[in-house]
Amino acid sequence: MTGPAPPIALLAELTHRCPLMCPYCSNPLDLARKEAELSTETWTRVFREAADAGVLQLHLSGGEPASRRDLEDLTQAAAQAGLYTNLITSGIGLTQRRLKALEAAGLDHVQLSLQGTTSATADRIGGYDGGFKRKLQVADWVAEIGFPLTLNVVMHRQNLHELEDAFALADRLQVRRVEIACVQFHGWASRNRAALQPTRDQVAALKDSVAQARAERDGRMVIDFVPPDYYSDYPKACMGGWGSTGLVINPAGKVLPCHAAETMSHLTFATVQDAPLGEIWKNDPAFQAYRGEDWMPDLCRNCARKSIDFGGCRCQAMAIVGDPTATDPVCSKSPDRAKVDQLLATDVTAADDDFAYRR
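About the cut-offs
- Residues numbered from 1 in each chain as written.
- Predicted model: local features only at pLDDT ≥ 70, side-chain atom pairs only at ≥ 80, totals over all residues.
- Heavy atoms only, no water.
- Helix = DSSP H or I, 4+ residues; strand = E, 2+ residues; numbered from the N terminus.
- Rg over C-alpha atoms; globule rule 2.2 N^0.38 Å.
- Buried < 20%, exposed > 50% of the residue type's maximum accessible area, 1.4 Å probe, protein only.
- Phe/Tyr/Trp six-rings, centres within 6.5 Å; stacked < 30°, edge-to-face > 60°.
- Lys NZ or Arg CZ within 6 Å of the ring centre and 35° of its normal.
- Polar contact = N/O pair within 3.5 Å; in protein donor to acceptor, adjacent residues only side chain to side chain.
- Contact = heavy atoms within 4.5 Å.
- Core = buried A, V, L, I, M, F, W, Y, C linked by side-chain atoms within 4.5 Å.
- Pairing = 2+ DSSP bridges.
- Right-handed = clockwise from strand over helix to strand, strands pointing away.
- Axes fitted to C-alpha atoms, helices over the stretch in contact; angles between N-to-C directions.
- Nonpolar A, V, L, I, M, F, W, Y, C, P; charged D, E, K, R; others polar.

A few words now on the overall build of the protein. Within the protein, the regular secondary structure consists of 15 helices and 9 strands. Taking 21 Å as the expected radius of gyration for a compact globule of 359 residues, we find that the protein reaches 20 Å, a close match to that expectation. Projected onto its principal axes, the C-alpha positions of the protein cover 55 × 45 × 40 Å. The buried share of the protein, taken over its 359 residues, is 53%.

Turning our eyes to something else, we now look at the packing of aromatic side chains. Counted according to the given criterion, the structure contains 6 aromatic pairs. With 5.3 Å between their ring centres and 85° between their planes, Trp242 and Tyr290 make a pair best called edge-to-face. Taken together, the residues Trp242 in the loop between β7 (222-226) and β8 (246-249) and Tyr290 in the loop between α11 (285-288) and α12 (298-301) connect sequence positions 48 residues apart. A residue is classified by how much of its surface remains accessible, and Trp242, at 9% relative accessible area, is buried. Pairwise contacts between aromatic rings join Trp242, Tyr290 and Trp295 into one cluster. In this structure, Arg291 packs its charged tip against the face of Trp281, placed 5.0 Å from the ring centre.

Moving on to the side chain of Gln115. The topology assignment puts Gln115 in the loop between β4 (109-114) and α4 (119-126). Reaching out from Gln115, the side chain makes a polar contact with the side chain of Ser113 at a distance of 3.4 Å. Side-chain polar atoms of Gln115 contact the side chain of Lys135, separated by 3.2 Å. Once residues within four sequence positions are removed from consideration, Gln115 is found in contact with Leu20, Cys22, Tyr24, Thr121, Ala122, Ile125, Gly126, Lys135 and Asn159.

Trp43, Phe47, Leu99, Ile180 and Ile249 are the most contacted members of the largest nonpolar core, which has 64 residues in total. Non-local contacts of Ile180, meaning those with residues more than four positions away in its chain, are made with Val153, Met155, Leu163, Phe167, Leu206, Ile223, Asp224, Phe225 and Val226. Grouped together as the second largest cluster of nonpolar side chains are 19 residues, Cys22, Ile320, Leu344 and Phe355 included.

As defined by bridge partners, strand β1 (residues 9-13) adjoins strand β2 (residues 57-61) across 5 bridges and the pair is classed as parallel. Across the sheet, the residue bridging to Ala12 is Leu60, located in β2. Following the chain from β1 across helix α1 (residues 40-53) to the adjacent parallel β2, one finds a crossover that is right-handed. Handedness of the crossover joining β2 and strand β3 (residues 84-89) through helix α2 (residues 71-80) is recorded here as right-handed.

Okay, the sheet that holds β4 next. Reading across from one edge, β7-β6-β5-β4-β3-β2-β1-β8-β9 is the order of the 9 strands in this open sheet, with mixed pairing throughout. The open sheet has two free edges, formed respectively by β7 and β9 (255-256), since each of these has just one partner strand. Pairing geometry for strand β6 (residues 177-182) and β7, over 5 bridges, is parallel. For Ala181, the partnering residue across the bridge sits in β7 and is Val226. Seen against the sheet, helix α5 (residues 131-145) touches β4 and β5 (149-155) and runs at an angle of roughly 160° to β4.

Two elements in contact, α5 and helix α6 (residues 163-173), have axes whose closest approach is 11 Å; the angle formed by their N-to-C orientations is 35°. Residue-level inspection shows Phe132, Leu136, Ala139 and Asp140 of α5 in contact with α6, the latter providing Leu169, Arg172 and Leu173. Classifying every residue of the contact of α5 with α6 by side-chain character gives 5 nonpolar, no polar and 2 charged.

With respect to the helices, strands and loops of the structure, Glu279 is situated in helix α10 (residues 277-283). Owing to a relative accessible area of 44%, Glu279 belongs among the partly exposed residues under this scheme. Distance in space between the C-alpha atoms of Glu279 and Glu49 is 9.7 Å, their sequence separation being 230 residues.

Below you can see the structure in the form of structure tokens.
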């Protein structure tokens with residue numbers, strides 16, 4: 001039996017510390033404390049192991065990675081390991097001087113999150129006064145230095161009315177890529193589902209707006225789109241299939257197949273202190289649990305889409321059905337699709353605008 005293909009990408013959650021309190025954050029409800037974070041030396045070793053295992057792209061994330069005082073050292077270590085480095089940031093904690101230091105360290109790309117297109121919206125959602133103004137300043141510094149810039153616009157019921165303005169802002173900032181990422185209900189978003197779930201009319205308008213924006217900006221801007229799961233007929237290909245293309249390491253060093261995998265309480269995940277990263281990728285039982293097709297129920301195994309969506313999201317099946325081996329309940333073929341429809345009806349009827357902020 002041949003082993004899995006090498007992983008392509010590594011999401012390194014350097015810290016859970018963050019000045020923002022976004023109610024849709026994918027970090028777990030039980031946030032790792034500073035004292036639990038991996039050291040500079042350990043991350044440096046892990047980046048070398050990642051490159052040896054076949055990883056090409058490294059996403060430096062959090063929380064807010066700029067909360068780490070050694071971010072420049074970590075970036076340099078990753079660059080020296082031969083990894084393409086992408087900084088996923090809120091912008092808070094970055095200065096012009098620090099961005100130039102990151103350039104000197106070998107940083108390749110910046111992805112800047114956007115909670116809205118006005119201070120009123122963005123600062124309320126992020127729970128941080130002055131955050132939007134700071135983001136625009138960081139975007140200008142990034143442009144001056146010459147980093148490629150991606151805007152990650154996280155959309156939900158309370159900011160979808162600003163979608164057209166988000167595209168206009170992307171035009172003004174002359175970004176190369178925009179990711180319209182509708183909230184996925186894991187982590188803190190699961191606690192705030194009734195405040196974030198869009199309406200069906202909003203989703204229909206959203207899809208039309210994205211299609212039009214793509215047509216208007218074809219050839220000069222890439223627009224990625226992550227649609228709302230619950231309104232889809234079929235599940236997304238989560239992570240390209242469990243344990244098939246990428247992996248996540250949390251601040252304490254736990255190695256995960258995806259950012260929400262810790263919700264799978266029946267699985268035990270190895271840490272980077274337990275074994276080399278390549279060995280964990282190939283042999284760890286948690287990575288093998290839903291890798292390939294053997295785990296699939298008959299409905300998925302006999303479906304023509306099994307090599308397209310790979311059975312969908314295991315964490316979503318666990319969250320909604322309570323069974324990680326079930327067909328993703330978002331799927332129109334799933335016997336549990338009615339549970340998703342009931343959640344939609346409940347969320348949209350409740351229409352709660354108050355957030356339980358990430359703290």
